[in-house]
Amino acid sequence: MNILQVNSSARVAGSHSTQLANELVERLRAAHPRATLTVRDLAKTSHPVLDEATLGALFTPAEQRTPEQAQRVAQDDALIAEIQAADVVVIGVPMYNFGVSSQLKNWIDAISRAKVTFTYTDKGPVGLLKGKKIYVALTRGGLYRNTPADTQVPYLKTVFAFLGMTDVQFVYAEGLAMGADAEQQALASARGQIDEAVLA
Ligand SMILES: Cc1cc2nc3c(=O)[nH]c(=O)nc-3n(C[C@H](O)[C@H](O)[C@H](O)COP(=O)(O)O)c2cc1C
């Protein structure tokens, strides 16, 4: 079993979402001692944004790319190879301004590649990243679970399903900015959810 851990907090140190992703991975590795682990920490190694130069590189045939364009496409290729190789993906996801971090958006933009991770047929889009289990550890300062303000969960479900990944389990740590007691309760609740998710 290959585990890919993606940390998408802007923080390398002190991140609650990375901490919960670490704990999820520890639990999975305890249950599957021979599992391999690849960690993609998007705060330590920031991934470039999908800008005009990147689109130009992606839409240029490989044999016609400049060295700079080839290098830019190779950066995305590396992330695609990681997720293609993964059986299980664990993602730490902070809420920033009611959405996902720009780090996570850049990662999603990188792994979403036509004819590689999804394709269009006469019946519509087909995801090509099949057979993967995804765990998402969500951390929030406030309380937004099951409310219209939680745009993260529907967004992640939609984009992962589009890419072929429909087995997605969410773990919530909410109210982290609502005082020390609320923070401890949120983390304890998240740990209980991790136990249930890994045992399921
Ligand atoms: C720039 C920024 C924006 C944030 N926006 C929100 C928000 O919209 N809603 C919310 O509930 N918490 C918000 N928070 C709180 C974070 O979601 C919370 O601190 C979370 O634990 C951050 O994840 P991390 O600890 O992995 O970095 C924000 C925090 C930061 C730093």
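Note that the structure is predicted; figures quoted are calculated from it, not measured.

A. Representation of helix 5 (residues 152–162) in the model. Of all the positions in helix 5, only Q152, V153, L156, V159 and F160 are classed as buried. Viewed along the axis of helix 5, the buried residues span an arc of 145°, placing them on a single side of the element. Taken from the residues just after helix 5, G164 is the one with a positive phi, measuring 100°.

B. Quick look at the site of the ligand. Contacts to the ligand come from 16 residues, most closely from S9, R11, S15, S17 and M95. Between the ligand and H16, the relevant distance is 2.8 Å, taken from an oxygen atom to a main-chain nitrogen or oxygen of the residue. Take G142: an N or O atom from its main chain is 2.8 Å from an oxygen atom of the ligand. Contact with the protein chains removes 72% of the 620 Å² of surface that the ligand exposes when unbound. Its residues assigned to classes, the shell around the ligand shows six nonpolar, eight polar and two charged.

C. Focus on the pairing of strand 4 (residues 118–121). Sheet topology note: the strand 4/strand 5 (residues 124–127) ladder contains four bridges and is antiparallel. Bridge pairing links Y120 to P125 in strand 5.

D. A look at the environment of T60. In this structure, T60 sits in the loop between helix 2 (52–58) and helix 3 (67–85). Assessed through its relative accessible area of 17%, T60 is described here as buried. Counting along the chain gives 32 residues from T60 to L28, while the straight-line C-alpha distance between them is 41 Å. If we skip the residues at most four places from it in the chain, T60 touches R65 and Q69.

About the criteria used
- Residues numbered from 1 in each chain as written.
- Predicted model: local features only at pLDDT ≥ 70, side-chain atom pairs only at ≥ 80, totals over all residues.
- Heavy atoms only, no water.
- Buried < 20%, exposed > 50% of the residue type's maximum accessible area, 1.4 Å probe, protein only.
- Helix = DSSP H or I, 4+ residues; strand = E, 2+ residues; numbered from the N terminus.
- Arc of directions from axis to C-beta.
- Near = heavy atom within 4 Å.
- Polar contact = N/O pair within 3.5 Å; in protein donor to acceptor, adjacent residues only side chain to side chain.
- Areas by Shrake-Rupley, 256 points an atom, 1.4 Å probe, with all protein chains shown as cover.
- Nonpolar A, V, L, I, M, F, W, Y, C, P; charged D, E, K, R; others polar.
- Pairing = 2+ DSSP bridges.
- Contact = heavy atoms within 4.5 Å.

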